[in-house]
Amino acid sequence: MTSYQALDANLRKLNLLCFAEHLPVLLDEQDKAPKSLTDALYALTQAELAYREQKQSVTRIRLARFPYEKQLDDFDFSYQPTLERAVIEDLASLRFLNDKENILFVGTSGVGKTHLATSIGMEACKQGFSTLFIRCGDLVERLRIAHDQQRGEAALRRYARYQVLIIDEIGYLPIDSIGAKMFFQLIERRYERKSTIITTNIALSKWGDTFADKTLANAILDRLVHHSRVIRINGRSYRMKGHITEPKADKAPNDTG
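For the protein, the name recorded in an unreviewed UniProt entry is AAA family ATPase, with Schleiferilactobacillus harbinensis as its organism. The record in UniProt for the protein states the following under Sequence similarities (unreviewed entry): "Belongs to the IS21/IS1162 putative ATP-binding protein family."

The structure is reproduced here in structure tokens:
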């Protein structure tokens with residue numbers, strides 16, 4: 001076995017796979033533009049670190065359980081002219097995480113709330129933040145089951161630990177008193193400690209109609225809205241895009257075409 005083969009074998013045993021793959025490229029480059037030993041090792045370790053971070057990012061995205069993988073570039077801002085692109089791009093910079101701010105996307109069904117929440121969540125995963133996406137109905141059901149099985153505390157700790165928690169579709173299903181209490185406890189634990197992203201199809205003033213306990217609904221809103229960015233989307237449904245024909249303008253009286 002040559003010294004090169006022995007080095008390659010050692011790198012793979014140490015699980016430095018990207019280091020091993022880049023080694024022959026670097027050796028070839030040494031013949032054309034020699035680098036110092038320090039520079040060569042730095043280049044190889046940088047490649048290895050980038051490779052590992054990319055793998056970890058893929059894992060975080062998988063564990064976040066997004067409904068789909070969509071980037072902010074996939075969003076058609078021209079279809080939602082009331083939405084300021086600069087505001088959303090600022091959110092995607094993740095600056096809000098430094099201040100433990102929340103984001104609330106409010107709008108009717110199909111206007112792109114989930115897409116925007118997902119794209120921000122995916123960026124958080126890429127930047128190393130633990131993230132989870134969950135439908136509100138599923139979250140409340142799991143918290144209720146945990147409560148009934150005397151595992152409520154463990155469930156609350158689990159969902160409270162994520163640096164970014166995306167709760168999708170508040171308002172589609174009613175939430176009973178136990179569910180409301182558990183939901184409140186979760187929001188209370190995250191309040192000013194972690195960032196929560198909410199999507200809802202109902203006005204914030206109507207949340208009392210979704211939660212069985214209006215007092216708790218107000219307490220939940222109080223904690224979510226404080227230190228938050230509320231993004232209201234007034235526009236057409238993306239799901240109907242391509243299925244709605246825009247009305248044609250009437251012809252002028254003298255138009256013979």
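Looking only at helices and strands, one finds 11 helices and five strands in the protein. On C-alpha atoms alone, the protein measures out to a radius of gyration of 25 Å, which is more than a quarter above the 18 Å that the 2.2 N^0.38 rule sets for 257 residues. The C-alpha extent of the protein, read off along each of the three principal axes, is 80 × 75 × 30 Å. Within the protein, the proportion of its 257 residues that are buried is 40%.

What follows covers helix H4 (residues 85-92). Considered for burial, the residues of H4 that qualify are Ile 88, Leu 91 and Ala 92. When H4 is viewed along its axis, its buried side chains cluster within an angular range of 100° and face the same direction. Along its buried surface, H4 packs onto helix H5 (95-98), strand S1 (102-107), helix H6 (113-126) and strand S5 (228-233).

Right, let's talk about the UniProt feature "domain: AAA+ ATPase" (unreviewed entry) in the protein for a bit. The positions UniProt marks with the feature "domain: AAA+ ATPase" (unreviewed entry) are residues 99-232. With 49% helix and 22% strand, residues 99-232 has end C-alpha atoms that lie 21 Å from one another.

On to the layout of surface pockets. The calculated volume of the second largest pocket comes to roughly 180 Å³. Considering the residues around the second largest pocket, the lining is formed by 13 residues, among which Cys 136, Gly 137, Val 140, Leu 173 and Pro 174 are closest to the centre. Taken together, the residues of the lining of the second largest pocket break down into six nonpolar, one polar and six charged.

Before going further, it helps to spend a moment on the packing of aromatic side chains. Inspection of every chain in the model, using the stated rule, returns four aromatic pairs. Measuring from ring centre to ring centre gives 5.9 Å for Trp 207 and Phe 211, while their planes differ by 35°; the resulting arrangement is tilted. By the burial criterion, Trp 207 is buried, and Phe 211 matches it. Members of the aromatic cluster, connected to one another through ring pairs, are Phe 183, Trp 207 and Phe 211. Its end group placed over the ring of Tyr 162, Arg 161 keeps NZ or CZ at 4.8 Å from the ring centre.

Along the chain, the position of Thr 118 falls in helix H6. Under the relative-accessibility criterion, Thr 118 is labelled buried at 0%.

Interaxial distance between helix H8 (residues 152-160) and helix H9 (residues 177-190) falls to 9 Å at its minimum, and their mutual angle equals 45°. Of the possible angle classes, the one that applies to H8 and H9 is oblique. Between H8 and H9 lies a crossing whose hand is right-handed. On the side of H8, the interface is formed by Gly 152, Glu 153, Leu 156, Arg 157, Tyr 159 and Ala 160, while H9 contributes Met 182, Gln 185, Leu 186, Arg 189 and Arg 190. The class makeup of the residues in the contact of H8 with H9 is five nonpolar, two polar and four charged.

All right, on to the domain arrangement of the protein then. Each assigned domain of the protein is listed here: domain 1 (3-63) and domain 2 (72-234). Once you take the C-alpha centre of each, domain 1 and domain 2 turn out to be 40 Å apart. Each partner contributes residues to the interface: domain 1 has five residues there, and domain 2 has six residues. At the boundary of domain 1 with domain 2, total buried surface from both sides reaches about 450 Å², with 60% on carbon and sulfur atoms. The largest share of the area that domain 1 buries against domain 2 comes from Arg 60, Ile 61 and Leu 63, three residues that together contribute 81% of it. Inspection of the domain 1/domain 2 interface yields zero salt bridges.

Definitions and limits used
- Residues numbered from 1 in each chain as written.
- Predicted model: local features only at pLDDT ≥ 70, side-chain atom pairs only at ≥ 80, totals over all residues.
- Heavy atoms only, no water.
- UniProt positions renumbered as here; feature names shortened; annotations may be inferred.
- Helix = DSSP H or I, 4+ residues; strand = E, 2+ residues; numbered from the N terminus.
- Rg over C-alpha atoms; globule rule 2.2 N^0.38 Å.
- Buried < 20%, exposed > 50% of the residue type's maximum accessible area, 1.4 Å probe, protein only.
- Arc of directions from axis to C-beta.
- Contact = heavy atoms within 4.5 Å.
- 1 Å grid on protein atoms, 1.4 Å probe; cavity = no way out; pocket = protein on both sides within 12 Å on 5 of 7 lines; lining within 4 Å.
- Points joined across faces, edges and corners; volume = space filled by probe spheres on them.
- Nonpolar A, V, L, I, M, F, W, Y, C, P; charged D, E, K, R; others polar.
- Phe/Tyr/Trp six-rings, centres within 6.5 Å; stacked < 30°, edge-to-face > 60°.
- Lys NZ or Arg CZ within 6 Å of the ring centre and 35° of its normal.
- Axes fitted to C-alpha atoms, helices over the stretch in contact; angles between N-to-C directions.
- Parallel < 35°, antiparallel > 145°, perpendicular 65-115°, else oblique.
- Left-handed = near helix turned anticlockwise from the far one by under 90°.
- Domains from an automatic or database assignment.
- Buried area = accessible area lost by both parts, 1.4 Å probe.
- Salt bridge = Lys/Arg side-chain N within 4 Å of Asp/Glu carboxyl O.

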